[in-house]
Amino acid sequence: MELKSHCRERFEPAVDAIRQLLEEKKGSDEPLLAAIDGRCGSGKTTLGEYLKQVFDCNLFRMDDFFLQMEQRTPERLREVGGNVDYERFEETVLRPLLQKEQVCYQPFSCQEWGLLKAYPIPYKRLNIIEGSYSMHPYFKNPYHVRIFLNISPEDQIANIKKRNGLEKAKQFQNNILIRYSGELVFSAVMEFLEVYEK
């Protein structure tokens, strides 16, 4: 994966944090987990792929754990992060990783609106969990490094246009985007990548 130089610079704090973690845990066989969360279009997937390449680690995506149709009750969808099957993620990904076992990975397909065929992912010591709600309180913070990617509203819409097309970007603006109001100044002054260690 070839990244532009400004992306590599932007992602450098995340790479440094994981290098530091690996150095601190040298000599231990403890499973190591890092989470990447952030705003839509902020680069979570790109960072996850980059870290996988740099560290030869496992990468798991929260986008593979959307609710199946029968789970989409009005009550569940009213929850913050309720569109994610966090119970299945904990059971099939987090628990095996913490027990140093391979993961039987069964992604959800938005094209087929159902689960795809499961396949094994061998255990690796370092594991990146990428996507919205990867740090959901339900998981009780099993992570050694937590990364949050921020982005300005203007850059966010530009990225969504580039990734999903103009029509989807309009839908995002009209239906999904929380109006920034008081957050606008907050977004403008925030660092675009923050790393929190456990």
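Use the structure listed above.
Reading the values: rules and limits
Going along each chain's sequence as written, the residues are numbered from 1 onward. Note on the predicted model: pLDDT of at least 70 is required for a residue's local features to be given, and 80 or more for side-chain atom pairs to be given and counted; whole-chain, interface and lining totals, by contrast, use all residues. Think of the side-chain values as coming from all heavy atoms in the structure, minus any hydrogens and water. Each helix is a run of H or I in the DSSP string that is no shorter than four residues. Each strand is a run of E no shorter than two, and both are numbered from the N terminus. The buried label applies to any residue whose accessible area, calculated with a 1.4 Å probe on protein chains only, is under 20% of its type's maximum; exposed applies above 50%, and partly exposed to all values in between. Any pair of residues with heavy atoms lying within 4.5 Å of one another is described as a contacting pair. Accessible surface is estimated by sampling points in the Shrake-Rupley manner with a 1.4 Å probe; for residues, cover comes only from the protein chains shown. Expected helix span is computed as 1.5 Å times (number of residues minus one). Within this analysis, the arc is defined by the directions that extend from the helix axis to the C-beta atoms. Put simply, buried Ala, Val, Leu, Ile, Met, Phe, Trp, Tyr and Cys residues joined by side-chain atoms within 4.5 Å make one nonpolar core. DSSP bridges decide pairing: two strands pair if at least two such bridges lie between them. A 1.4 Å probe that fits but cannot get out identifies a cavity on a 1 Å grid over protein atoms alone, an open set with protein on both sides within 12 Å along at least five of seven lines counts as a pocket, and a residue lines either if it has an atom within 4 Å of a point. Grid points are joined across faces, edges and corners, and a volume is the space filled by probe spheres set on the points. The classification used treats Ala, Val, Leu, Ile, Met, Phe, Trp, Tyr, Cys and Pro as nonpolar, Asp, Glu, Lys and Arg as charged, and all other residues, Gly among them, as polar. For this analysis, a polar contact is any N or O atom pair within 3.5 Å, provided that within protein one partner can donate a hydrogen and the other can accept it, and provided that sequence-adjacent residues contribute only side-chain to side-chain pairs. Counted as salt bridges are all cases of a side-chain nitrogen of Lys or Arg within 4 Å of a carboxyl oxygen of Asp or Glu.

Our focus in this paragraph is the overall build of the chain. On a plain count of helices and strands, the chain comes out with seven helices and nine strands. Per-residue burial for the chain yields a buried fraction of 43% across its 198 residues. Restricting to contacts in the chain with at least 6 residues of sequence separation, those with at least 24 account for 71%. Taken as a whole, the chain presents about 11300 Å² of accessible surface, with 52% of it coming from carbon and sulfur.

This part is about helix H2 (residues 44-55). The end-to-end C-alpha separation of H2 is 16 Å, in line with the 16 Å expected for twelve residues at 1.5 Å each. Turning to H2, its buried residues are Lys44, Leu47, Gly48, Tyr50, Leu51 and Phe55. Buried positions in H2, seen along its axis, are confined to an arc of 165 degrees and lie on one side of it. Directly beyond the C-terminal end of H2, a positive phi value near 50 degrees is found at Asp56.

Membership of the largest hydrophobic core comes to 21 residues, with the highest contact counts inside it found for Ile18, Ile36, Leu47, Leu51, Phe55, Ile128 and Ile147. Among the secondary structure elements, those contributing two or more residues to this core are helix H1 (5-24), strand E1 (32-38), H2, strand E7 (126-130) and strand E8 (145-149). It is H1 that contributes the most residues to this core, seven residues altogether. In terms of nonpolar packing, the next biggest core, distinct from the first, is built from 17 residues, Phe89, Leu97, Tyr105 and Phe139 among them.

On to the pairing of E1. The two faces of the sheet receive side chains in turn, since in a regular strand these alternate between them. Burial analysis of E1 places seven of its seven residues in the buried class, the great majority of the element. The side-chain alternation of E1 yields two buried faces, one formed by Leu32, Ala34, Ile36 and Gly38 and the other by Leu33, Ala35 and Asp37. Across five bridges, the pairing between E1 and E7 is parallel. Note on E7: the bridge partner recorded for Ile36 is Glu130. Of the pairings in the sheet, the one linking E1 to E8 comprises five bridges and is parallel in character. Residue pairing across strands places Gly38 opposite Leu149, the latter belonging to E8.

It is a probe the size of a water molecule, rolled over the atoms, that shows where empty space is left. Taken as a whole, the second largest pocket encloses approximately 190 Å³ of empty space. Along its surface, the second largest pocket is lined by Asp63, Asp64, Phe66, Phe108, Ser109, Cys110 and Gln111. Of the residues in the lining of the second largest pocket, the class split is three nonpolar, two polar and two charged.

What follows is about the side chain of Asp37. By the element assignment, Asp37 lies in strand E1. At 3.1 Å, the side chain of Asp37 forms a polar contact with the backbone nitrogen of Tyr133. If near-sequence neighbours (up to four positions away) are discounted, Asp37 is found in contact with Lys44, Gly131, Ser132, Tyr133, Ser134, Met135, Ile147, Phe148 and Leu149.

One can find Val54 in helix H2. Taking C-alpha positions, Val54 is 8.2 Å from Val15, a pair spaced 39 residues apart along the chain. With residues up to four places along the chain from it excluded, the contact list for Val54 reads Val15 and Arg19.

What follows concerns the pattern of salt bridges. Considering all chains together, one arrives at seven salt bridges under this definition. The partner of Glu23 in a salt bridge is Lys26, with the nearest N and O atoms 3.1 Å apart. Overall, the relative accessible area of 59% leaves Lys26 in the exposed class. One salt bridge connects Lys25 with Glu30, and the closest N-O pair in it is separated by 3.2 Å. Classification of Lys25 as partly exposed rests on a relative accessible area of 24%.

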